[in-house]
Amino acid sequence: MSRIKVLLANRPRLIRELVMATISDQPDIEIVGEIQEEVQISKAVEAVRPDFLIVALEKSNRLSGICQTVLRSFPQIQIIAISSDRNSSMCYWASLHIESHQIECSEAGVLSAIREKTRPMNRPQ
Amino acid sequence: MEKKIGVFLQCQNRLARESIARILQKRSDIQVVHGRTATSASEEEIAGTNPDVVVLDSLQLLPEEEPVAPIRGLAESRVKRILIAMPDDPKHFLKAIRRGAVGYVLCDASASDVVAAIRGVGQGDAICPPHYVRLLFEYIALLATRYPNRQTKASIGLTSREQQLIPLIGRGLTNKQIAGSLNLSEQTVKNHVHRILGKLGIGDRLDVSEACETQLLGM
């Protein structure tokens, strides 16, 4: 079985490393890259073609321009945004428009968002 | 085998708390005694789990600042608090120290820095980013020049209550503010200030710190 590929790009570093600790313990999920700066995202996505991109959640809950472009260019990718200080996280994906829904800001919440991608029709709207 | 370091995790961010617990559980010398999200745990609740170290991810989760920081309280209180995922902001850092934290880990630190900080603090050290050590030196040097220490102030003939008031007066606080922070009546503070000005032989309360220094320097 091929593993789900995740690219980590969230800041700050400590939160990224904590998320990495959780994901790297999952046998069915693989971390295919870690980047520190948002400007590197497009290039990295192009190179490693992840199933999921993990970024920091903006205060406004809006996706950055770079991430919106990534979703439009690679509609098969989904983005999970994790807050560093609030208890909040979101999942974004592109269909006709960019869609999003809140996910539980917990290990279980993030992991099930990653695993449920295989069944996108079940996703709550 | 040596006793494990008991850790109480109190983080606003649940994912961060769960991930830290996951990391700590793999260390044989550390044991997570309790994890809790968002709301502030009471002192009783924390004491009930008997932790060595409490890990927090927000300054707001620290107990309230004491009006006058009890220096000896730090060594006496057994539970040690570490702040993690903190902004690189010296003011934040000094505030954390005043509120009794003994560890400060930046948001740009690594996960292993958190583990190292827990071990360090568990062994009785205080942990902060290396570039803040210089800040501490400068801060203490500043305090030393600004506010003469207890012994020397006693040589001018000030009571310990009067000595306690000097930095507060010097900071420009009103009698009412001083009374509030020390739990005294405004009239009592007024009397103290009057006596301090008399002992120092000055008329303006904003000159107290300087007058103290000049007297100590024999000028």
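Cut-off values and rules
- Residues numbered from 1 in each chain as written.
- Chains lettered and ligands numbered in written order.
- Predicted model: local features only at pLDDT ≥ 70, side-chain atom pairs only at ≥ 80, totals over all residues.
- Heavy atoms only, no water.
- Core = buried A, V, L, I, M, F, W, Y, C linked by side-chain atoms within 4.5 Å.
- Buried < 20%, exposed > 50% of the residue type's maximum accessible area, 1.4 Å probe, protein only.
- Contact = heavy atoms within 4.5 Å.
- Buried area = accessible area lost by both parts, 1.4 Å probe.
- Salt bridge = Lys/Arg side-chain N within 4 Å of Asp/Glu carboxyl O.
- Polar contact = N/O pair within 3.5 Å; in protein donor to acceptor, adjacent residues only side chain to side chain.
- Helix = DSSP H or I, 4+ residues; strand = E, 2+ residues; numbered from the N terminus.
- Nonpolar A, V, L, I, M, F, W, Y, C, P; charged D, E, K, R; others polar.

One broad trend across soluble globular proteins is that nonpolar side chains are buried collectively. The biggest cluster of nonpolar side chains holds 45 residues, and the ones touching the most others in it are Ile-80 and Ile-114 of chain A together with Ile-118 of chain B. Excluding residues within four positions of it along the chain, Ile-114 of chain A makes contact with Ile-4, Val-6, Ile-23, Ile-29, Phe-52 and Ile-80 of chain A. Ala-44, Leu-57, Cys-67 and Phe-74 of chain A belong to the second largest nonpolar core, which has 20 residues in total.

Take the interface of chain B and chain A next. Each side of the interface is counted separately: chain B has 22 residues, and chain A has 23 residues. When chain B packs against chain A, the two sides together hide about 1,800 Å² of surface, and 55% of this comes from carbon and sulfur. Among the residues of chain B in contact with chain A, Asn-13, Leu-15 and Arg-22 of chain B are the three that bury the most area, contributing 33% of the side total. Run the count over chain B and chain A and you get 4 salt bridges. For Glu-107 of chain A, the salt bridge is made with Arg-22 of chain B, and the minimal N-O distance between the two is 2.8 Å. The interface formed by chain B and chain A includes 16 residue pairs in polar contact (both at pLDDT 80 or more). Of all the secondary-structure elements, those providing two or more residues to the side of chain B that touches chain A are α1 (14–25), β4 (80–86) and α5 (111–122) of chain B. The greatest single-element share of the side of chain B that touches chain A, amounting to 8 residues, is contributed by α1 of chain B. Here the side of chain B that touches chain A is built from residues that sort into 11 nonpolar, 6 polar and 5 charged.

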